[in-house]
Amino acid sequence: MQGYQVKKVDTRLYIKGLSGPLVFQALYGIIATFFMFSILYILVGVFPAVLIGVPAFFGYLYRLNTIQKKYGPEGWGKKQTARKLPQFISCKRRIHQIS
């Protein structure tokens, strides 16, 4: 019997097309939308709360979905880190030249 070695185990959390830290951002968005809806429901009423809360919720999930498709969780983390760098530091791709 031949044994196989596992090179890398993927321990990220996957839910509905989101992975890694984007899952937790979606969770935070759901909780924030719930609290926003509750406050608007108490202060303003049902219809304005629904008209503001539901599109905000789906817009935030759509934004996370496009981030997942465009960058992925690792690429999004790298982009967030690059934004925090000072302006005189720039990240460039390595260009491979054939000599």
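Here goes a summary of the coordinates provided. Every residue gets a number counted from 1 within its own chain, in the order that chain's sequence is written. This being a predicted model, a pLDDT of at least 70 is required before a residue's local features are given, and a value of 80 or more before pairs of side-chain atoms are given or counted; all residues contribute to the totals for chains, interfaces and linings. Based on all heavy atoms of the structure, the side-chain values leave hydrogens and waters out of the count.

Looking at the overall build of the protein chain
Only runs of H or I of at least four residues qualify as helices and only runs of E of at least two qualify as strands under DSSP, and these elements are numbered from the N terminus. Of the regular secondary structure elements, the protein chain holds three helices and two strands. When the helices and strands of the protein chain are listed from N to C terminus, the series reads β-β-α-α-α. We call two residues in contact whenever any of their non-hydrogen atoms come within 4.5 Å of each other. Sequence-distant contacts, at least 24 apart, represent 52% of the contacts inside the protein chain between residues at least 6 apart. In these tables, accessible area is a Shrake-Rupley quantity obtained with a 1.4 Å probe, and a residue counts as shielded only by the protein chains included in the view. On the protein chain, roughly 8900 Å² of surface is accessible, and the fraction owed to carbon and sulfur atoms is 65%.

Overview of a nonpolar patch on the surface
Think of a patch as exposed residues, more than 30% relative accessible area, with no salt bridge, where like charges cluster within 9 Å and nonpolar side chains (Val, Leu, Ile, Met, Phe, Trp, Tyr) cluster within 5 Å. What counts as a salt bridge is simple: a side-chain nitrogen of Lys or Arg found within 4 Å of a carboxyl oxygen of Asp or Glu. Taken together, Ile-39, Tyr-41, Ile-42, Leu-43, Val-44, Val-46, Phe-47, Val-50, Val-54 and Phe-58 make up a surface patch of nonpolar side chains, about 1100 Å² in accessible area. Counting only elements with at least two residues in the nonpolar patch, the list comes to helix H1 (21-43) and helix H2 (46-70). Among the elements that line the nonpolar patch, the one with the most residues is H2, at five residues. Relative to the elements of secondary structure, Leu-43 occurs in helix H1.

Quick notes on the nonpolar core
Listed in full, the five residues of the largest apolar core are Leu-22, Ala-26, Leu-64, Ile-67 and Trp-76. Among the secondary structure elements, those contributing two or more residues to this core are H1 and H2. Residues in contact with Ile-67, not counting those within four places in the same chain, are Leu-22, Gly-72 and Trp-76. By convention a nonpolar core is built from buried Ala, Val, Leu, Ile, Met, Phe, Trp, Tyr and Cys residues, the set being connected through side-chain atoms within 4.5 Å. Buried residues are those whose accessible area, probed at 1.4 Å on protein chains only, stays under 20% of the maximum for their type, while exposed residues exceed 50% and partly exposed ones sit between those limits.

Quick word on the packing of H2 against helix H3 (residues 72-84)
Following both chains from N to C, one finds H2 and H3 inclined at 100°, their axes separated by 7 Å at the closest point. Considered as vectors, H2 and H3 are oriented roughly perpendicular to each other. Judged by residue contacts, Arg-63, Ile-67, Gln-68 and Lys-70 of H2 engage Gly-72, Pro-73 and Trp-76 from H3. Each residue is assigned to one class: nonpolar for Ala, Val, Leu, Ile, Met, Phe, Trp, Tyr, Cys and Pro, charged for Asp, Glu, Lys and Arg, and polar for all the others, Gly among them. Of the residues that constitute the contact of H2 with H3, the class distribution is three nonpolar, two polar and two charged. Between N-to-C directions, angles span 0 to 180 degrees; the directions come from axes that are lines fitted to C-alpha atoms, helices contributing only their stretch in contact. We call two directions roughly parallel when the angle between them is under 35 degrees, roughly antiparallel when it is over 145, roughly perpendicular when it lies between 65 and 115, and oblique otherwise.

Re the packing of aromatic side chains
Each Phe, Tyr or Trp ring (for Trp, its six-membered ring) is paired with any other whose centre lies within 6.5 Å, and the angle between the two planes then decides the class: stacked below 30 degrees, edge-to-face above 60, tilted in between. Using the criterion set out here, one finds three aromatic pairs in the structure. Between Phe-57 and Phe-58, the ring centres sit 5.1 Å apart and the planes meet at 65°, which makes this aromatic pair edge-to-face.

Topic: the packing of H1 against H2
It is the contact of H1 with H2, at a shortest axis distance of 9 Å, that shows an interaxial angle of 170°. Here H1 is positioned roughly antiparallel relative to H2, judged by the angle of their axes. Residues Leu-22, Gln-25, Ala-26, Gly-29, Ile-30, Thr-33, Met-36, Phe-37, Leu-40 and Tyr-41 of H1 form the contact with H2, whose own contacting residues are Val-46, Ala-49, Val-50, Ile-52, Gly-53, Ala-56, Phe-57, Tyr-60, Leu-61, Leu-64, Ile-67 and Gln-68. For the contact of H1 with H2, a count of residues per class yields 17 nonpolar, five polar and no charged.

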